[in-house]
Amino acid sequence: VSVFANISQAPEDPILGVTVAYNKDSSPHKLNLGVGAYRTEEGKPLVLDVVRRAEKLLVSDISLKKEYLPITGLADFNKSSAKLILGSDSPAIQENRVATVQCLSGTGSLRVGAEFLKKHYNQHTIYIPSPTWGNHPKIFMMAGLSVKTYRYYDPATRGLDFEGLQQDLSAATSGSIVLLHACAHNPTGVDPTLDQWEHIRKLMRSKGLLPFFDSAYQGFASGSLDADAQSVRMFVADGGECLAAQSYAKNMGLYGERIGALSIVLTSADVARKVESQLKLVIRPMYSSPPIHGASIVATILNDREMYHDWTVELKAMADRIISMRKQLYDAMCAKGTPGDWSHIIKQIGMFTFTGLNPEQVAFMTSEYHVYMTSDGRISMAGLSSSKVTHLSDAMHAAVT
Ligand code: PMP
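Rules used throughout
- What you see as residue numbers is a count from 1 along each chain, following the sequence as written.
- The predicted nature of this model means local features are confined to residues of pLDDT at least 70 and side-chain atom pairs, given and counted, to a pLDDT of 80 or more, with totals for whole chains, interfaces and linings taken over all residues.
- UniProt positions are given in the numbering used here, feature names are shortened, and annotations may be inferred rather than shown by experiment.
- A run of DSSP states H or I qualifies as a helix once it reaches four residues; a run of E qualifies as a strand once it reaches two. Both are numbered from the N-terminal end.
- Three exposure classes are used, based on other C-beta atoms lying within 10 Å of a residue's own C-beta, which is placed from the backbone: buried for 20 or more, exposed for 12 or fewer, and partly exposed in between.
- Strand pairing is assigned whenever DSSP identifies at least 2 bridges connecting the two strands.
- With the strands aimed away from the viewer, a crossover counts as right-handed if its path from the first strand over the helix to the second runs clockwise.
- One fewer than the residue count of a helix, multiplied by 1.5 Å, yields its expected span.
- In this description, the arc belongs to the directions extending from the helix axis to the C-beta atoms.
- Here the contact rule is simple: place C-beta atoms from the backbone, and any two residues whose C-beta atoms are within 7 Å are in contact.
- All axes are obtained by fitting lines to C-alpha atoms, using only the stretch in contact for helices, and the reported angles, taken between N-to-C directions, cover 0 to 180 degrees.
- For classification, angles of less than 35 degrees are called roughly parallel, those exceeding 145 degrees roughly antiparallel, those between 65 and 115 degrees roughly perpendicular, and all remaining angles oblique.
- The handedness criterion is simple: a crossing whose near helix is rotated anticlockwise from the far helix by less than a right angle is left-handed, and one whose near helix is rotated clockwise is right-handed.
- Amino acids outside the nonpolar list (Ala, Val, Leu, Ile, Met, Phe, Trp, Tyr, Cys, Pro) and the charged list (Asp, Glu, Lys, Arg) are all regarded as polar, and Gly is one of them.
- Confidence scores here are pLDDT values: one per residue, from the predictor, ranging 0 to 100.
- Working rule for contacts: place C-beta from the backbone, and if it is within 6 Å of a molecule or strand, that residue counts as near it.
- Note on definitions: a nonpolar core is a set of buried residues drawn from Ala, Val, Leu, Ile, Met, Phe, Trp, Tyr and Cys, linked by C-beta atoms within 7 Å.

Digging into the UniProt feature "domain: Aminotransferase class I/classII large" (unreviewed entry) in the chain
Here, UniProt's "domain: Aminotransferase class I/classII large" (unreviewed entry) annotation points to residues 29-395. The distance separating the terminal C-alpha atoms of residues 29-395 is 11 Å; by composition the span is 46% helix and 16% strand.

Considering the pairing of strand 8 (residues 210-215)
Sheet faces and side chains relate simply in a regular strand, where the side chains alternate between the two faces. Across the six residues that make up strand 8, a large majority, five, are buried. Two elements, strand 7 (residues 177-181) and strand 8, share five bridges in a ladder whose sense is parallel. Within strand 8, the residue paired with leucine 179 across the bridge is phenylalanine 212. Running through helix 8 (residues 194-207), the crossover from strand 7 to the neighbouring parallel element strand 8 is right-handed.

Remarks on helix 15 (residues 389-400)
Over its twelve residues, helix 15 extends 17 Å from the first C-alpha to the last, a length consistent with the 16 Å expected when each residue adds 1.5 Å. Taken together, the buried positions of helix 15 are occupied by Leu392, Ser393, Ala395, Met396 and Ala399. In a view along the axis of helix 15, the buried residues occupy a sector of 155 degrees, so they form one face of it. Packed against the buried residues of helix 15 are strand 1 (31-32), helix 12 (305-336), helix 14 (359-369) and strand 12 (371-372).

Digging into the environment of serine 231
Residue placement: serine 231 occurs in helix 9 (residues 230-237). Serine 231 sits 31 residues away from isoleucine 200 along the chain, and the two C-alpha atoms are 9.9 Å apart. Sequence-distant contacts of serine 231, that is, excluding residues within four places in its chain, are made with Leu180, Ala182, Cys183 and Trp197.

A word on the sheet that holds strand 8
Strand order in this open sheet of seven strands is 2-10-9-8-7-3-4, and the pairing throughout is mixed. A single partner strand is all that each edge strand has here, and the edge strands are strand 2 (98-104) and strand 4 (146-151). With direction set aside, neighbouring strand axes in the sheet form an average angle of 25 degrees. Pairing of strand 3 (residues 125-130) with strand 4 involves six bridges; the strand directions are parallel. Following the sheet pairing, isoleucine 128 is matched in strand 4 by threonine 149.

Quick notes on the environment of leucine 225
Here leucine 225 shows up in the loop between strand 8 and helix 9. The partly exposed category is assigned to leucine 225, around which 19 C-beta atoms lie within 10 Å. Through-space distance from the C-alpha of leucine 225 to that of threonine 312 is 7.8 Å; in sequence the pair is 87 residues apart. Residue contacts for leucine 225: discarding those within four places in its chain leaves Leu84, Gln218, Gly219 and Thr312.

Looking at the packing of helix 5 (residues 105-120) against helix 10 (residues 269-287)
The contact between helix 5 and helix 10 brings their axes to 10 Å, and the two run at 115 degrees. The angle between helix 5 and helix 10 falls in the class roughly perpendicular. Viewed along their axes, helix 5 and helix 10 form a crossing whose handedness is right-handed. From helix 5, Val112, Glu115, Phe116, Lys119 and His120 reach across to helix 10, where they touch Gln278, Leu279, Val282 and Ile283. Its residues placed into classes, the contact of helix 5 with helix 10 shows five nonpolar, two polar and two charged.

Re the confidence of the model for the chain
In the predicted model, the chain carries a mean pLDDT of 96, and 100% of its residues have values of at least 70. Complex prediction metrics read pTM 0.96 and ipTM 0.98.

Concerning unusual backbone geometry
Across the junction of serine 130 and proline 131, the peptide omega takes the value 0 degrees, indicating a cis bond. Mapped onto the fold, proline 131 is located in the loop between strand 3 and helix 6 (135-142). Following asparagine 186, the chain continues into proline 187 via a peptide bond in cis, with omega recorded as 15 degrees. When you line up the elements, proline 187 lands in the loop between strand 7 and helix 8. The phi dihedral of arginine 158 is positive, around 50 degrees, even though this residue is not glycine. Assignment of secondary structure puts arginine 158 in the loop between strand 5 (153-154) and strand 6 (159-160). One non-glycine residue, alanine 184, lies in the positive phi region at around 55 degrees. The exposure class of alanine 184 is buried, given the 26 C-beta atoms found within 10 Å.

Overview of the site of the ligand
The local shell around the ligand consists of Gly36, Ser105, Gly106, Thr107, Trp133, His181, Asn186, Asp214, Ala216, Ser247, Ala249 and Gly260. Here the shell around the ligand takes three residues from helix 5, the largest share from any one element. Residues of the shell around the ligand, tallied by class, amount to three nonpolar, eight polar and one charged.

Points about the nonpolar core
Among the nonpolar cores identified, the biggest contains 115 residues, and Phe213, Val232 and Val298 are the most heavily contacted of them. Top element by residues in this core is helix 12. It accounts for nine residues. Sequence-distant contacts of phenylalanine 213, that is, excluding residues within four places in its chain, are made with Leu180, Ala182, Val232, Cys242, Leu243, Ala244 and Ala245.

So this is what it looks like as structure tokens:
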């Protein structure tokens, strides 16, 4: 008999569980819109051409080693990642006020940031938007922070609850940490305008709230790396401090390589050095040092002018295909005359559409039409293709009528 005989069966992850159910379905019409990973028009995963080229270069390099990286990761990768999110001309970088460490994709970067804050920051409350990516509350709770929410999404307008957001941040204890999605808010696809970001920035700075940006979709939202980093750069331009977790899962298609970075922008080079030294003490007992392959791919691409350019072209093509899927789905709903206003499909930003469908309607679409998505009605536009738009709009029409 096992010493774990009394253990209970844990539930599937609410997001990854959608794919488990999809894989069990034998229908030829099945459609997986649950997973947040890019698919081609043919429904296939995509490895970017520029990533293949970088890998070929790496493999043919006879000096290639499999030595351990430093605790903080690959130095070239860290420098280029900070430039990518903050801008290559960022004064914070020039003044050596940024501590950057390579981490295990976006999730690992958030977790290392959270562990650091728990150990070295005097406020342990983090405000996250309602709703947010399902893993956020767990990441911060497991690091020992206390999680509260701020209003973000208004179901009535399927847009930003800007009033509610401002009220909740105004009422937050001074010094609290606030999680902000840099762009392409997941799951709602609703982002503040630049004008609204400026209000949020002023409000947060006046209250001494500490911004923690989650940047999982830079370049994926608009097709422009710079445009999608504007929110973060506004907060850095005022000279104040912030944290930013970056992921290369979506924008370089490096999902399983688990490659990302945590940057902490500080007010002086002296503090940045000390913060970096403490980040090492956080990382060492967790996983000692990060993996080398993904970091080498990213550093190769970011440090070669031609490859960088080719990456931006491939990135824009992914963003454009997603935007085109929004248009096609919206047009199909209009053509059908499905009751309700569906303009949010084209207004929302990034990988996901927050359809407004309720859990019963989602369950109906899955059982009757073999369309898989999370129960909150979130669909991945990246999982859709032109040939499946009719099937999806049929399912949505049937679900609401
Ligand atoms: N933040 C958000 C908002 C996300 O949507 C994701 C990916 N689903 C992540 C972080 C982290 O993903 P990863 O760890 O794969 O980079």
